[in-house]
Amino acid sequence: MGTRTEEYRAALRRLKDWEPYLKKHSGLPGPRANLELLAAVVEEADADRLWRLSASADEYLATVGTAGLGRIALMEPETVMTWLRELSSDPRWRVREGVAMALQRLGKESMPTLLVEMRVWAQDDAFVQRAVVAGLCEPALLKSNEDAVEVLDILDHITRSLAAASDRRREGFRVLRQALGYGWSIAAAAAPQNAKPYLEKWLTSTDKDVAWVMQSNLGKSRMSDMTRDLATAAPVTAKPKAKAKPKPKPKPKPKAKPATRKKPAKSARGRR
């Protein structure tokens, strides 16, 4: 843990009311929330404080509280996992990131427990599935081949859901697609031989969003060793039909000139 996080931990121990301090040092509004302070809260806050923070209307407070719930998930598994599942659909994207952090923390404590829970979550909607991908696809968690194989199977199921989706304009679909766009490469790098059949299968998909997911993963540096082996499994995409060239309009036929009418000959009487 970094020096700044340790400094924040020491500061929090001296405070009774944390919320003003957290808001002041949150880094928001701004492009980057204070993750060092978040890490300090995760380690220092007790269960009651984490519950209160996770239900806050303030985005940063809710994010740090949500992330911290992963630390107590094994102590209160049913209530914590039910609440995290609900928060995985929160409209605030930082809170959804807090859910992923909480799941990863649980995975560090007990990967078997996390995998069992994620198999259940994988049957839910796109927002919850996105939390599954973000929670499981963390290199630090996939140290054993057995765990990586489990994650590959879960990703396969979720990718089938993505391919079967009918309404693709929703935010849930977008964030799930984005997570799958990096998640497969993390799991594949942890178990390359086991991942190859899955990747070969999905690389032949004609679904445009699945094709984007797979190509995005192949572009990651961690996939460089596998990319050559998968080069033959190019995505099958329908060639667009060439547009028929418009037929030239027929030129209008020139109008026939009216025949010149001959003047009538003068009668004999008229020639007199």
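One numbering rule holds for all chains: residues counted from 1, following each sequence as written. Only residues with pLDDT of 70 or above have their local features reported here, since the model is predicted, and side-chain atom pairs are shown and tallied only from 80 upward, although totals for entire chains, interfaces and linings are computed over all residues. Here the side-chain values reflect all heavy atoms present in the structure, with hydrogen atoms and water set aside.

Okay, the nonpolar core next. Residues enter a nonpolar core if they are buried and are Ala, Val, Leu, Ile, Met, Phe, Trp, Tyr or Cys, with the set joined through side-chain atoms within 4.5 Å. Burial here depends on accessible area, computed with a 1.4 Å probe over protein chains only, as a share of the maximum for the residue type. Under 20% is buried, over 50% is exposed, and the range in between is partly exposed. Core analysis: the biggest nonpolar cluster contains 73 residues, and Leu 22 and Trp 121 have the highest contact counts within it. Here a strand is any run of E in DSSP of at least two residues, a helix any run of H or I of at least four, and the numbering for each starts at the N terminus. Among the elements that make up this core, the one with the highest residue count is helix H11 (residues 171-190) (eight residues). Whether two residues are in contact is decided by their heavy atoms, any of which lying within 4.5 Å being enough. Setting aside residues no more than four positions away along its own chain, Leu 22 makes contact with Leu 12, Leu 37, Val 41, Leu 53, Tyr 60, Leu 61 and Val 64.

Right, let's get into the pattern of salt bridges. Any carboxyl oxygen of Asp or Glu within 4 Å of a side-chain nitrogen of Lys or Arg constitutes a salt bridge here. The full count for this structure, using the stated rule, is 22 salt bridges. Salt-bridge contacts for Glu 150 lead to Arg 119; the nearest nitrogen and oxygen are separated by 3.1 Å. Of this pair, Glu 150 sits in helix H10 (residues 145-164) while Arg 119 sits in helix H8 (residues 111-121), and the two are 31 residues apart along the sequence. Taking relative accessible area as the criterion, Glu 150 reaches 30% and is therefore assigned partly exposed. As a salt-bridge pair, Arg 174 and Glu 171 come within 2.7 Å of each other at their nearest N and O atoms. Linking Arg 174 with Glu 171, this pair stays in helix H11, spanning three residues, or about one helical turn. The partly exposed category is assigned to Glu 171, whose relative accessible area is 35%. Three or more residues joined by partner-sharing salt bridges are found here, namely Arg 168, Arg 177, Asp 207, Lys 208 and Asp 209.

Quick look at the packing of aromatic side chains now. The pairing test for Phe, Tyr and Trp rings, Trp by its six-membered ring, is centres within 6.5 Å, and the orientation test on the planes gives stacked under 30 degrees, edge-to-face over 60, and tilted for anything in between. Counting across every chain of the model gives one aromatic pair. When the centroid spacing of 6.0 Å and the interplanar angle of 45° are considered together, the rings of Trp 184 and Tyr 198 count as tilted. Residue Trp 184 is located in helix H11, and its partner Tyr 198 is located in helix H12 (residues 192-203); the two are separated by 14 residues in the primary sequence. Here the guanidinium or amino end of Arg 49 rests over the ring plane of Trp 18, the centre of that ring lying 3.9 Å away. Look at NZ for Lys and CZ for Arg. If either is within 6 Å of the ring centre and within 35 degrees of the ring normal, a charge sits over the ring.

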